[in-house]
Amino acid sequence: MTGVYARLGDDGCFDWASAGHHPPIWMHADGKIEPMERSSIGLPLATMPDEKYASVHWKLKVGDRILLFTDGLVEARNRAGDVFGRDRLEGTVRDHRNDSPATFVDNLLSQAGDHLAGTEFEDDFTILAIERVD
Amino acid sequence: MLTATGPYFMCMPLGDGIRTVRFLHPDLRRQLDGASIKECTLYREFADQVLGELTSGDTVILNFGLVERFPTAFYQFLMKVREELRSRSVHLLLCGFSSDILEGLGVLQAERIFEITHTEEQAWYKAQVHDAVPRPSGVPTKA
């Protein structure tokens, strides 16, 4: 089993740890996306009894966004066998950065659906968008 | 030199104590379906045709060169195979993953748990170093 544990604190503090799960995407208000920190990902839960999970600390500014998601989204595959993928997801996140978070998630789903071009999602997925507003 | 072939994989010797298991289908999701991974068709076939043949000190190379779909259940399959092989002191190597699958394995930190090479030839060389056995003729050079 994989998972991300995240904690929102005061003044835009966002701490997270990953157990074999895609790290969150951090998009700054200007559209810049932080590169993925693969080194901070730990093993899936219950893989090793003594596994230690590193915490990553981010400090969000007003207008910054976080996207948490499961692999059913990035591994969605179209008829040609191409997966939606993290790069395409980051591009979509950037393209829709001016949308409200709710519209943003709707548009993300719409883009993933366009990529599938008529095929069905093979796996369930969860998307959570967070924006610092003040 | 073919030792076992079934509908889902082919198991061949690559030298003394080294076997390669080549999965033969791009999509084995149905064969990975089961109440538990030990009960799925793929694992039962693997247990029947591969596990029983192994002895301590052997090496098994799993070649994913033809596999296009890698659901979570395939990772569970690998963890179960790893557990079984470790209990028999058998060395396990994985090879031939597509870039899409490698990306997913990277997020799972699979390289910390498994030895992974790009090609079967690289896996064979690793096995050779590990087992110090002579290279036989007819070893394939592509994953």
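Shown above is the structure to which this text applies.
The rules behind each value
Counting restarts for each chain, with residues numbered from 1 along the sequence as it is written. Chain letters start at A and ligand numbers start at 1, both assigned in the order the entries are written. A pLDDT threshold of at least 70 governs which residues receive local features in this predicted model, and a stricter bar of 80 or more applies before side-chain atom pairs are shown or counted, although totals over entire chains, interfaces and linings include all residues. The side-chain values count all of the structure's non-hydrogen atoms but skip hydrogen atoms and water molecules. Should any heavy atoms of two residues lie within 4.5 Å, those residues are counted as being in contact. Buried area is understood as the total, over both parts, of accessible area removed when two parts are fitted together, assessed with a 1.4 Å probe. Within this document, salt bridges are pairs made up of a side-chain nitrogen of Lys or Arg and a carboxyl oxygen of Asp or Glu, the two lying within 4 Å of each other. What qualifies as a polar contact is a pair of N or O atoms within 3.5 Å, subject to a donor-acceptor requirement within protein and to the restriction that residues adjacent in sequence count only when both atoms come from side chains. The buried label applies to any residue whose accessible area, calculated with a 1.4 Å probe on protein chains only, is under 20% of its type's maximum; exposed applies above 50%, and partly exposed to all values in between. Strands here mean DSSP runs of E at least two residues long; helices mean DSSP runs of H or I at least four residues long; both are numbered from the N terminus.

Before we go on, may I ask you to explain the interface of chain B and chain A in this structure?
Accessible area lost upon the coming together of the parts is a frequently used measure of interface size. Contacts between chain B and chain A engage 15 residues on the former and 18 residues on the latter. The contact between chain B and chain A buries some 1,400 Å² in all, and 51% of this surface belongs to carbon and sulfur atoms. Here chain B is connected to chain A by one salt bridge. As a salt-bridge pair, Arg112 of chain B and Glu51 of chain A come within 2.7 Å of each other at their nearest N and O atoms. Applying the counting rule to chain B against chain A returns two residue pairs in polar contact (both at pLDDT 80 or more).

Mind showing me how you'd approach the pattern of salt bridges here?
As a working rule, side chains carrying opposite charge can pair if their charged atoms are close by. Within the structure shown, the criterion is met by twelve salt bridges over all chains. Across the pair Lys32 of chain A and Glu34 of chain A runs a salt bridge, and its minimum N-O distance is 3.4 Å. By relative accessible area, which is 45% here, Lys32 of chain A ends up partly exposed. Two residues, Glu83 of chain B and Lys80 of chain B, come together in a salt bridge whose shortest N-O distance is 3.1 Å. You can see Glu83 of chain B and its partner Lys80 of chain B sitting in helix α2 (residues 72-87), three residues apart, about one turn around the helix. Given a relative accessible area of 12%, Lys80 of chain B falls into the buried group. Through salt bridges with shared partners, a single network forms among Lys80, Glu83, Glu84 and Arg88 of chain B.

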